[in-house]
Amino acid sequence: MTELVGDVTMRLLQQAMSGLAMRQRTIADNLANVETPGFLSGKVDFEAALKNAVATGEDPLARQVSNARSLEPTRVNGSNVNIDEETLAGQQTVLSTQLTAAALTNKFTILRTSLGGA
């Protein structure tokens, strides 16, 4: 029974949701510090690691979500937060989260149906 709930698809979606949540927190932190002198924006990358895990048959939960500071050029005050990029990244993250949540909902619907639920 655990394989039905803990299969590779569920583990992949779980790790994707964790990565998206971290990205959303990082974007919020970046926007909150847009005028902080010397602040370097954070960037979260997890998609490549998940893609590689699936390609190699590795457990997606074994992959780490990376959160690094950007080394992009800075403004006069030393901050490199770009409000336009952060806003766009935030919207993309919301849409990706909605898509991942829909995939989880569909997975649970399939499980419920296969177990004889309504």
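A brief report on the enclosed structure follows. (Residues numbered from 1 in each chain as written. Predicted model: local features only at pLDDT ≥ 70, side-chain atom pairs only at ≥ 80, totals over all residues. Heavy atoms only, no water.)

### A short note on the overall build of the protein
The helix and strand inventory of the protein stands at four helices and two strands. Counting helices and strands in the order they occur from the N terminus, the protein gives α-α-β-α-β-α. For 118 residues, the compact-globule formula gives about 13 Å, and the C-alpha radius of gyration of the protein, at 18 Å, lies well above that figure. With the C-alpha coordinates of the protein rotated into their principal frame, the extents come out at 60 × 30 × 15 Å. Looking at the protein residue by residue over its 118 residues, the buried ones come to 31%. A total accessible area of about 7,400 Å² is found for the protein, and carbon and sulfur atoms account for 61% of it. Looking at the protein, you have 10 positive and 12 negative side-chain charges, and the mean spots of the two groups are 5 Å apart. (Helix = DSSP H or I, 4+ residues; strand = E, 2+ residues; numbered from the N terminus. Rg over C-alpha atoms; globule rule 2.2 N^0.38 Å. Buried < 20%, exposed > 50% of the residue type's maximum accessible area, 1.4 Å probe, protein only. Areas by Shrake-Rupley, 256 points an atom, 1.4 Å probe, with all protein chains shown as cover. Lys, Arg positive; Asp, Glu negative; His and termini not counted. Charge placed at Lys NZ, Arg CZ, Asp CG, Glu CD.)

### Quick look at helix α2 (residues 8-32)
One full turn of an α-helix is made of 3.6 residues, so residues set three or four places apart face in the same direction. Look at α2: 36 Å from first C-alpha to last across 25 residues, which is about the 36 Å you get at 1.5 Å a residue. Among the residues of α2, those classed as buried are M10, L13, Q15, A16, G19, L20, R23, T26, I27 and N30. (Expected span 1.5 Å × (residues − 1).)

### Observations regarding the packing of α2 against helix α4 (residues 83-114)
The interhelical angle for the contact between α2 and α4, taken along N-to-C directions, is 155°, at an axis separation of 9 Å. Here α2 lies roughly antiparallel to α4, going by the angle between them. As α2 packs across α4, the resulting crossing turns out to be left-handed. Looking at the contact of α2 with α4, its residues break down into 14 nonpolar, eight polar and three charged. (Axes fitted to C-alpha atoms, helices over the stretch in contact; angles between N-to-C directions. Parallel < 35°, antiparallel > 145°, perpendicular 65-115°, else oblique. Left-handed = near helix turned anticlockwise from the far one by under 90°. Nonpolar A, V, L, I, M, F, W, Y, C, P; charged D, E, K, R; others polar.)

### A word on the nonpolar core
Ranked by size, the top nonpolar core spans six residues in total: A16, L20, V44, F46, L50 and V65. Setting aside its immediate chain neighbours within four residues, L50 contacts L12, Q15, A16 and P60. (Core = buried A, V, L, I, M, F, W, Y, C linked by side-chain atoms within 4.5 Å. Contact = heavy atoms within 4.5 Å.)

### Regarding the pattern of salt bridges
Enumeration over the complete set of coordinates arrives at seven salt bridges. For the salt bridge of D59 with R11, the shortest nitrogen-to-oxygen distance reads 2.3 Å. Here R11 lies in helix α2 and D59 lies in the loop between α3 (47-56) and β2 (66-69), a separation of 48 residues in the sequence. Residue R11 is classed as partly exposed on the basis of its relative accessible area of 27%. Salt-bridge contacts for E86 lead to K43; the nearest nitrogen and oxygen are separated by 3.3 Å. With E86 in helix α4 and K43 in strand β1 (residues 42-45), this pair connects stretches of sequence that are 43 residues apart. (Salt bridge = Lys/Arg side-chain N within 4 Å of Asp/Glu carboxyl O.)

### Quick notes on the packing of α2 against α3
Any two packed helices are characterised by the angle at which their axes cross and by the distance between the axes. Running from N to C, α2 and α3 cross one another at 170°; their axes reach a closest spacing of 10 Å. Considering their axes alone, α2 and α3 lie roughly antiparallel with respect to each other. Together, L12, Q15, A16 and R23 of α2 and E47, L50 and V54 of α3 make up the contact between the two elements. Counted by class, the contact of α2 with α3 contains four nonpolar, one polar and two charged residues.

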